[in-house]
Amino acid sequence: MIMNWLLTILLSIFAYTLYSYYGMLTAGATTATAAAFEMVRSWMSFGLIFMGTIGFSLALFYGSKASEFAVTVVIAIGVVVSFAFSAIVGGSQVGMGNLVGLGLILGGIYLLK
């Protein structure tokens, strides 16, 4: 059971890091349609989404073996990873409210386990 949780967490981090990087690459797109078509024009963009989707699917697979709340946990981990990615790579400002929200999310993940 602990190994299922470990794989769920690691695969969620992997998937959402790739999703966040793809979002950073396509941030210059003027519309959502342009961002969607960016995926099929570039092998790198397609690879990021493809590998992220595989990681997300495996995270849900292993998480569902450990708990019925796997979808909730994986999505909450995604919020935390996206926040960390934007703070570290994107250079966004982190305030006290952000940290309190992050703590509440992490606390919720812990309580769902």
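All values reported here derive from a predicted model rather than from experimental measurement.

Peer 1: So, the packing of aromatic side chains: which residues are in play, and what are the values?
Peer 2: Applying the stated rule across the entire model yields five aromatic pairs. Ring centres 5.1 Å apart and planes at 75° place the aromatic pair F61 and Y62 in the edge-to-face group. Among the aromatic residues, ring-to-ring pairing joins Y16, Y19 and F56 into one connected group.

Peer 1: Can you explain a nonpolar patch on the surface? Please cite residues and give values.
Peer 2: A surface patch of nonpolar side chains, amounting to about 820 Å² of accessible area, comprises F14, W43, F46, F50, M51, I54, L58 and F61. With seven residues, the top contributor of residues to the nonpolar patch is helix α3 (residues 43–66). By secondary structure assignment, the location of W43 is in helix α3. W43 sits in the exposed class, given a relative accessible area of 75%.

Peer 1: So what's going on with the confidence of the model for the protein chain? Residues and values would help.
Peer 2: Here the protein chain averages 86 in pLDDT, while 97% of its residues score no lower than 70. The element-level mean pLDDT for the protein chain is lowest in helix α2 (residues 32–41), coming to 73, with α3 highest at 92.

Here is what the cut-offs are and how they apply
- Residues numbered from 1 in each chain as written.
- Predicted model: local features only at pLDDT ≥ 70, side-chain atom pairs only at ≥ 80, totals over all residues.
- Heavy atoms only, no water.
- Phe/Tyr/Trp six-rings, centres within 6.5 Å; stacked < 30°, edge-to-face > 60°.
- Patch = residues over 30% accessible without salt bridge, like charges linked within 9 Å, V, L, I, M, F, W, Y side chains within 5 Å.
- Areas by Shrake-Rupley, 256 points an atom, 1.4 Å probe, with all protein chains shown as cover.
- Salt bridge = Lys/Arg side-chain N within 4 Å of Asp/Glu carboxyl O.
- Helix = DSSP H or I, 4+ residues; strand = E, 2+ residues; numbered from the N terminus.
- Buried < 20%, exposed > 50% of the residue type's maximum accessible area, 1.4 Å probe, protein only.
- pLDDT = per-residue confidence, 0-100.

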